Amino acid sequence: MADTKKADRLMDVAIRRSFLMPSSEIYGSPSGFYDYGPVGTAIKHRIENLWRSEFLQKEGFHEIETSLIVPEAVLKASGHAENFADPLVTCSSCKNKFRADHLIEQNENAKKEHVKAAGLPPQQLSELIKKYGVLCPNCKKPTLSEVGWFNMMFQTNIGPIEGNTAYFRPETAQGIFLDFARVVRNYGSRLPIGIGQVGRSARNEISPRQGLVRMREFTQMELEYFFNPKDQSHPKFGKIKHEKLRFASEEGHPQEIEIAKAVRDGLIANEIMAYFLWKQKMLYLAVGVPESKFFFRKMPKEETPHYSKGNIDLEVETSYGMVETVGTAYRTDFDLSSHSKHSGADLSVFVEEDKQRVVPHVVEPSMGVDRLFWCVLEHSFREKTPEKDWEWFAFPPAIAPYHAWIFPLMKKDGMDEKAREIEEHLRASGLIVYYQDSGSIGRRYARADEIGVPYCITVDYDTLDEKSDKHSTVTVRFRNDGKQIRVRISELAAKISGFVKEGKVTG
Ligand code: GAP
């Protein structure tokens, strides 16, 4: 069930605490665009780096970075020029435009009958608008037009000569298909080969809403795994085949299913797809989305993108309702074959065992960073309690905006200089720390908690007192329970790094 009040409240917190900022705010903030503030940028980069580590580096895959603007020919070949469209309806009275499937699914009568409008062709959507008497949400009149298509790509022109049409890429994947042959040539790689990238994509959404869930410009982390279609096995499948994934069931309750069984029963297309679904589950747990809050769903054919032979989405419970945050597609050889046909380039790879060239098939896990970021905020947000008189975030230390904040107990008697010295030392050790000396110590703890900093380090009189048995130690306070321990300055960097690695958040 959607709880938009809760979502609005969290968005307000996110903006006040430097997680997010409405884009072009002083010019009125066009909808569908958000900037990340200093705190949000730090968390977003940590999530991206965790993905890089888990989905690329630990798998021995390549990372590339491709152009945002792509010539029209690319998107004609990929099918986006023709198929990448949403159903649009216009109100003939107030002239506002809306996404037809969303309007139908929000209609109370259609809701009672559990009508699924997503993926239906315009003619059927027009019939549903008539059947349920869907009104214009703006002027409340029965004046909605017939449904048509609206292509979601942002169009531009390369250079000053008109007619050199190009688009802002609607997915990062196309750049990977275009560079595939060169990566293979340069690396002499054999199949399977994985190429990924993290980058911006843009879609001119008809009615962007729900904050980071439907944006017009957003970040994707996409991996294209190229393999010989004759061999749909995965070398690490044996390690994960007895693990379980939660899948949406017909009855509505998610069910835990053993991965090997899901592949045997055809719920998951092959071992490759299964392996990457499991990797997604592990990444979601690592960033703090509890397992009870997400599940996988096999998409019905009518909701599967034009390039895919089968899609499995990962959906997360949020205050906007269930939100798709990852799409994993079995893209077959659709893209490489189509680019080969349109460009004349040979995009096949020689397979020694078969003594012939084959056009590889592709499994693509495609993850949106912004939607995941929002889910992390939702599931890490903690209300006030008698023990903690402020709202805070329980981020896992690996993705927290700072590893630690460092304070002098007071800004006098050399405590501030010592705290600055420790700050430098921790930074040189690779930790992300921030010095704070304004406000009472309690207020500084609260401010750190409010943005989810896991550890606060305080320099006090004992730190400086050569006669004290606590000389050359500082206090380390743990965010979740406020407990404190004393740690030698000489061991501080190693201890904090160890806590981050372990995910230790209580004393
Ligand atoms: N290359 C395949 C592809 O782009 P998709 O399901 O359209 O597939 C993948 O997008 C992910 O990108 C989604 O699961 C979502 O997390 C993110 N995404 C897509 N459209 C978005 C939007 N308008 N705003 C924010 N994130 C979006």
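Residues numbered from 1 in each chain as written. Predicted model: local features only at pLDDT ≥ 70, side-chain atom pairs only at ≥ 80, totals over all residues. Heavy atoms only, no water.

A. Focus on helix 13 (residues 369-380). Along its 12 residues, helix 13 runs 16 Å from first to last C-alpha, staying within 8% of the 16 Å computed at 1.5 Å per residue. Across the 12 residues that make up helix 13, a large majority, 12, are buried. (Helix = DSSP H or I, 4+ residues; strand = E, 2+ residues; numbered from the N terminus. Expected span 1.5 Å × (residues − 1). Buried < 20%, exposed > 50% of the residue type's maximum accessible area, 1.4 Å probe, protein only.)

B. Local environment of the pairing of strand 5 (residues 85-90). Burial within strand 5 is extensive, with 5 of its 6 residues counted as buried. Both strand 5 and strand 6 (residues 97-99) contribute to a ladder of 3 bridges, which runs antiparallel. Its bridge partner being in strand 6, leucine 88 is matched across the sheet by arginine 99. Hairpin connection between strand 5 and strand 6: a loop of 6 residues separates the two successive antiparallel strands, and lysine 95 in this loop has a positive phi of roughly 70°. (Pairing = 2+ DSSP bridges.)

C. Quick peek at the state of the cysteines. For the structure on display, the rule yields 0 disulfides. In this structure cysteine 136 is a free cysteine whose sulfur lies 3.7 Å from that of cysteine 94, the closest cysteine sulfur available. Its relative accessible area of 1% is what places cysteine 136 among the buried residues. Among the cysteines around cysteine 139, which has no disulfide bond, cysteine 91 carries the closest sulfur, lying 3.6 Å off. (Disulfide = S-S within 2.5 Å.)

D. View of the domain arrangement of the chain. With domains assigned, the chain is organised as domain 1 (4-81 + 153-379), domain 2 (85-151) and domain 3 (385-502). Residue-level contacts link 11 residues of domain 1 with 13 residues of domain 2. Summed over both sides, the interface between domain 1 and domain 2 buries roughly 920 Å², with carbon and sulfur atoms accounting for 47% of that surface. Applying the counting criterion to the domain 1 and domain 2 interface returns 0 salt bridges. Across the contact surface, domain 1 and domain 2 share 4 residue pairs in polar contact (both at pLDDT 80 or more). Split into classes, the residues belonging to the side of domain 1 that touches domain 2 amount to 3 nonpolar, 3 polar and 5 charged. (Domains from an automatic or database assignment. Contact = heavy atoms within 4.5 Å. Buried area = accessible area lost by both parts, 1.4 Å probe. Salt bridge = Lys/Arg side-chain N within 4 Å of Asp/Glu carboxyl O. Polar contact = N/O pair within 3.5 Å; in protein donor to acceptor, adjacent residues only side chain to side chain. Nonpolar A, V, L, I, M, F, W, Y, C, P; charged D, E, K, R; others polar.)

E. Spotlight on the environment of asparagine 228. Relative to the elements of secondary structure, asparagine 228 occurs in the loop between strand 11 (217-227) and helix 9 (237-240). Through-space distance from the C-alpha of asparagine 228 to that of alanine 181 is 15 Å; in sequence the pair is 47 residues apart. For asparagine 228, the residues in contact, after removing those within four places along its chain, are Leu191, Val351, Asp354 and Val358.

F. A look at the packing of helix 8 (residues 173-187) against helix 12 (residues 334-343). Following both chains from N to C, one finds helix 8 and helix 12 inclined at 65°, their axes separated by 10 Å at the closest point. Here helix 8 runs over helix 12; the crossing is right-handed. On helix 12, the residues that touch Gln174, Phe177, Leu178 and Phe180 of helix 8 are Asp335, Leu336 and His339. (Axes fitted to C-alpha atoms, helices over the stretch in contact; angles between N-to-C directions. Left-handed = near helix turned anticlockwise from the far one by under 90°.)

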